[in-house]
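Structure assessment
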Amino acid sequence: FGAETLRRLEALPGVRSASLVSAIPFGGTRGATGVEIEGRPRQPGDMLIVDQRHISPGYFQTMGISIVRGRGFTSADDDRAEPVVVINRAMAERYWPNENPIDRRVRVPAGYDAGSWFRIVGIADNVRHIALSREPVTEMYRPFAQTGIGVFSVAVKTTAESASIAQSVRAAVQAVDRNMPVYDVRTMEDRIAGSFAQTR
């Protein structure tokens, strides 16, 4: 479903790129999870917490997020490949302050694929997901194709005026599955502005 949806979206006039993400910036969810680092025994009561996001290849390009070391994901990072992860700069600096984390491994202690080790293949620049006034938190990104997620957002970068293409995006998604609900369609500008509502 994800691959076919992206194929249809990227074929739309005015669409530069499209991607899937389990929790979009300024979307109101974080996806926090515990994480363990290979070679560092966890002490009782000591839990490392990071935000986890599942993305399709091209997400970093769609959202304008730089890869500062290593690589992002490709179509080869699927369920037949070694599980991989991209961490953000905040996570690299916190847990590997004087080391290169590329090729190190982490795992989540609970959930669908608990116990599986994920190899770090890249470091992405920090993103403020909750509000521009809050510092970035530690995050890791995982390939959508390696862990199916039931609820996700579609990020679309356009050359046209964003609101004018919303109906075409909705139609493309529902052409793949007419029963798929499409909701909360907003521009990133609207999402960012909404994060300031309480301050205003």
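Use the structure listed above.
Described below are features of the structure shown in this document.

So, how was this worked out
- Within any chain, residue numbers begin from 1 and follow the written order of that chain's sequence.
- Side-chain atom pairs in this predicted model are given and counted only at pLDDT of 80 or more, local residue features only at pLDDT of at least 70, and totals for whole chains, interfaces and linings cover all residues.
- As a rule here, side-chain values cover all heavy atoms of the structure and leave hydrogens and water aside.
- What counts as a helix is a DSSP run of H or I of at least four residues, what counts as a strand is a run of E of at least two, and both are numbered from the N terminus.
- Radius of gyration: over C-alpha atoms. The globule rule applied is 2.2 Å multiplied by the number of residues raised to the 0.38 power.
- Categorising residues by exposure relies on relative accessible area from a 1.4 Å probe, with only protein chains included: less than 20% of the type maximum marks a residue as buried, more than 50% marks it as exposed, and the intermediate range marks it as partly exposed.
- The contact criterion used throughout is that any non-hydrogen atoms of two residues lie within 4.5 Å.
- Here Asp and Glu are counted as negative and Lys and Arg as positive; His is not counted, and neither are the chain ends.
- By convention, charge coordinates are those of NZ in Lys, CZ in Arg, CG in Asp, or CD in Glu.
- Two rings belonging to Phe, Tyr or Trp (six-membered ring only in the last case) form a pair when the distance between their centres is within 6.5 Å. Interplanar angles under 30 degrees mark stacking, angles over 60 mark edge-to-face geometry, and anything in between is tilted.
- Remark: a charge is flagged as sitting over a ring if the NZ atom of Lys or the CZ atom of Arg is within 6 Å of the ring centre and within 35 degrees of the ring normal.
- Salt bridges, as used here, are contacts in which a Lys or Arg side-chain nitrogen is within 4 Å of a carboxyl oxygen on Asp or Glu.

Description of the overall build of the chain
Within the chain, the regular secondary structure consists of five helices and nine strands. Listing every helix and strand of the chain by position from the N terminus yields α-β-β-β-α-β-β-α-β-β-β-β-α-α. Rg of the C-alpha trace for the chain: 17 Å, near the compact-globule value of 16 Å for 200 residues, within the 12% margin. Along the three orthogonal principal directions, the C-alpha set of the chain runs to about 50 × 45 × 30 Å. The buried share of the chain, reckoned over its 200 residues, is 38%. Residue pairs in contact within the chain that sit at least 24 positions apart in sequence constitute 72% of those at least 6 positions apart. Here the chain holds 25 positive side-chain charges and 22 negative ones, and the gap between their average locations is 2 Å.

Describing unusual backbone geometry
Of note, the phi angle at Phe26 is positive, near 60°, even though the residue is not glycine. As for its position among the elements, Phe26 is in the loop between strand S1 (15-21) and strand S2 (32-37). We note that Asp103 has phi near 80°; this positive angle belongs to a residue other than glycine. Within the secondary structure layout, Asp103 lies in the loop between helix H3 (89-95) and strand S6 (105-107).

Here's the deal with the packing of aromatic side chains
Think of a pair of aromatic rings as described by two things: how far the centres are apart, and how the planes are tilted against each other in angle. In the structure shown here, the tally under the stated rule is seven aromatic pairs. Here the aromatic rings of Tyr95 and Trp96 are separated by 6.4 Å at their centres, their planes lie at 90°, and the arrangement is edge-to-face. No difference in accessibility class separates Tyr95 from Trp96, as the two residues are buried. Measuring from ring centre to ring centre gives 5.6 Å for Phe144 and Phe152, while their planes differ by 80°; the resulting arrangement is edge-to-face. Classification of Phe144 by relative accessible area gives buried; the value is 17%. Judged by relative accessible area, Phe152 falls into the partly exposed class, the value being 22%. An aromatic cluster is present here, built from Tyr59, Phe60, Phe73 and Tyr141 joined pairwise through their rings. Directly above the ring of Phe118 sits Arg142, whose terminal nitrogen or CZ lies 3.9 Å from the centroid.

Here we look at the pattern of salt bridges
Taken as a whole and judged by the stated rule, the model has 17 salt bridges. Between Glu36 and Arg107 there is a salt bridge, and its shortest N-O distance comes to 2.9 Å. Placement of the pair is Glu36 in strand S2 and Arg107 in strand S6, with a sequence separation of 71 residues. Residue class for Glu36 comes out buried when judged on its relative accessible area of 15%. For Glu99, the salt bridge goes to Arg40, with nearest N and O atoms at 3.5 Å. With Glu99 in the loop between H3 and S6 and Arg40 in the loop between S2 and strand S3 (48-55), the pair connects residues that are 59 residues apart, well separated along the chain. Residue class for Glu99 comes out partly exposed when judged on its relative accessible area of 40%. Several salt bridges share partner residues, and in doing so they unite Glu4, Arg7 and Arg8 into one network.

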